[in-house]
Amino acid sequence: MMIDSHCHIQYLDQTFQQTLENAKEAGLRRLLNVAVIEQEWEKNILLGEHAMVDIGLGVHPCDVQSAKIGWQERLLAAARDPNVVAIGETGLDYYRDTQHKALQIQAFEDHIYIAKALDKPIIVHMRHATEDTIQVLKKHAGSLKGVIHCFSEDLPCALQMIDMGMMISFSGIVTFKNALSIQDAALNIPLERMLVETDAPYLAPVPFRGKVNYPEYVQYVITSIAKMRGMTSESLVKQTSDNYISWVS
């Protein structure tokens, strides 16, 4: 049974129940739904009462400049809920926001502190900020587990992140024919460090590129990577599912 390790079903154009029914029918057993602003935390925790849904709570790097003072303490309190299995997404995004780099870095560190305090993994967003992300994670290597979600770098970067204790999660981007460096990473990283995701409703895989993405489309990510690696989709489903269960345990 497949697991979508990162999605945002609160933004989908259908009901929560319909999303879960479609996902279950497609063979999903669990999904990790991620909140990226404080206003989503409470509702997201309630969604996590469904046995199929795990929860991530955080403040996206592009939203930290508008977060209300004291969000760190409120996140620490909210994330104690047992439905919350991961902290984030957090990280650095210099593609959409170059004006608040210092604030993003501080918020990233704050999320890491919370993840460590609660002994929960961290979900890392990294876009056009590879070097600064590496510098932050280096300070915590060996004492933090997490995932580089929606990985969009190359194999050397992936291996460096793995050395620092990170999992690598591949999204629908890996199915794009011009995503050669990402495909190289998917082909060559150790299987036990791999997760798969949709990032729904964003980044729909081929053959749905440019359309709304749904959790059940994680099957196309799995099929693509399995074909690259010369293995069955069933084997990759089992490995990535086992990896996910271990990661959130």
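Scroll up a little and you will see the structure.
In this text, all values refer to a predicted model and were calculated from it rather than measured experimentally.

**Student:** Quick question: what am I supposed to make of the pattern of salt bridges here?
**Tutor:** When the charged atoms of two side chains lie near each other, side chains of opposite charge can form a pair. As enumerated under the stated definition, the model contains five salt bridges in all. Across the pair Asp-93 and Arg-96 runs a salt bridge whose closest N-O atoms are separated by 3.7 Å.

**Student:** Explain the packing of aromatic side chains to me, please; I cannot follow it from the model alone.
**Tutor:** Two numbers describe a pair of aromatic rings. These are the distance of the centres and the angle of the planes. Going through the model one piece at a time under the given rule, you end up with six aromatic pairs. Ring centres of Phe-208 and Tyr-220 lie 5.3 Å apart, and the angle between their planes is 75°; on these two criteria the pair is classed as edge-to-face. Highlighted residues: Phe-208 in the loop between strand 8 (194-196) and helix 8 (218-229) and Tyr-220 in helix 8, separated in sequence by 12 residues. Relative accessible area serves as the criterion here: at 29%, Tyr-220 is assigned to the partly exposed category. Here Tyr-214 and Tyr-217 contribute two aromatic rings whose centre-to-centre distance is 5.6 Å and whose plane-to-plane angle is 90°, an arrangement assigned as edge-to-face. The same class applies to Tyr-214 and to Tyr-217, which are both buried. Here the aromatic cluster, defined as three or more aromatic residues joined through ring pairs, consists of Phe-208, Tyr-214, Tyr-217 and Tyr-220. Lys-101 extends its terminal NZ or CZ atom over the ring of Tyr-94, reaching a point 4.6 Å from the ring centre. Across the ring face of Tyr-95, the terminal group of Arg-127 is positioned such that the distance to the ring centre comes to 3.6 Å.

**Student:** Any chance you could explain the packing of helix 8 against helix 9 (residues 233-248) here in plain terms?
**Tutor:** Helix packing geometry: the angle between the two helix axes and the distance between the axes. Here helix 8 crosses helix 9 at 110°, and the two axes come no closer than 9 Å. The angle between helix 8 and helix 9 falls in the class roughly perpendicular. When the axes of helix 8 and helix 9 are compared, the crossing they make is right-handed. Facing Ile-222, Thr-223, Ile-225 and Ala-226 of helix 8, the residues of helix 9 in contact are Ser-233, Leu-236 and Val-237. Across the contact of helix 8 with helix 9, the residue classes tally to five nonpolar, two polar and no charged.

**Student:** What should I look at first to understand the environment of Thr-240 in this one?
**Tutor:** Checked against the element boundaries, Thr-240 lands in helix 9. When its relative accessible area of 4% is taken as the criterion, Thr-240 is described as buried. Linking Thr-240 and Asp-4, residues 236 residues apart in sequence, is a C-alpha distance of 9.6 Å. Ignoring sequence-local partners within four residues, the contact set of Thr-240 consists of Met-194, Leu-195 and Val-196.

**Student:** Any chance you could explain the pairing of strand 7 (residues 166-170) here in plain terms?
**Tutor:** One face of the sheet, then the other: side chains in a regular strand alternate in exactly this way. Most of strand 7 sits out of view: five of its five residues are buried. Alternating positions in strand 7 separate into two faces, Met-166, Ile-168 and Phe-170 on one and Met-167 and Ser-169 on the other, with burial throughout. Taken together, the three bridges between strand 6 (residues 146-148) and strand 7 define a ladder with parallel strand orientation. Within strand 7, the position partnered with Gly-146 by the bridge is Met-166.

**Student:** Explain the nonpolar core to me, please; I cannot follow it from the model alone.
**Tutor:** For soluble globular proteins, nonpolar side chains are generally found buried alongside one another. Ranked by internal contacts, the top residues of the largest apolar core, which has 76 residues, are Leu-57, Leu-137, Ile-148, Met-161, Ile-168, Phe-170 and Ile-225. Element by element, the count of residues in this core is highest for helix 4 (residues 101-118), at six residues. Dropping the residues within four chain positions of it, Phe-170 is found in contact with Phe-151, Ile-182, Ala-185, Ala-186, Ile-189, Met-194, Leu-195, Val-196, Glu-197, Val-221 and Ile-225. Of all hydrophobic cores here, the second largest spans 13 residues; its members include Val-85, Ile-123, Val-147 and Met-167.

**Student:** Help me understand the state of the cysteines, please; the structure alone is not making it clear to me.
**Tutor:** Here, disulfide denotes a covalent bond that connects the sulfur atoms of two cysteines. A full pass over the atoms with the stated rule returns zero disulfides. Free of any disulfide, Cys-7 has its nearest neighbouring cysteine sulfur in Cys-150, separated by 13 Å.

**Student:** Where do I start with the side chain of Ser-5 in this structure?
**Tutor:** Looking at the element boundaries, Ser-5 is found in strand 1 (residues 2-7). When near neighbours in sequence (up to four residues on either side) are disregarded, Ser-5 contacts Leu-32, Ser-169, Leu-195, Val-196, Glu-197 and Tyr-244.

Each value, and the rule that gives it
Residues numbered from 1 in each chain as written. Predicted model: local features only at pLDDT ≥ 70, side-chain atom pairs only at ≥ 80, totals over all residues. Heavy atoms only, no water. Salt bridge = Lys/Arg side-chain N within 4 Å of Asp/Glu carboxyl O. Phe/Tyr/Trp six-rings, centres within 6.5 Å; stacked < 30°, edge-to-face > 60°. Helix = DSSP H or I, 4+ residues; strand = E, 2+ residues; numbered from the N terminus. Buried < 20%, exposed > 50% of the residue type's maximum accessible area, 1.4 Å probe, protein only. Lys NZ or Arg CZ within 6 Å of the ring centre and 35° of its normal. Axes fitted to C-alpha atoms, helices over the stretch in contact; angles between N-to-C directions. Parallel < 35°, antiparallel > 145°, perpendicular 65-115°, else oblique. Left-handed = near helix turned anticlockwise from the far one by under 90°. Contact = heavy atoms within 4.5 Å. Nonpolar A, V, L, I, M, F, W, Y, C, P; charged D, E, K, R; others polar. Pairing = 2+ DSSP bridges. Core = buried A, V, L, I, M, F, W, Y, C linked by side-chain atoms within 4.5 Å. Disulfide = S-S within 2.5 Å.

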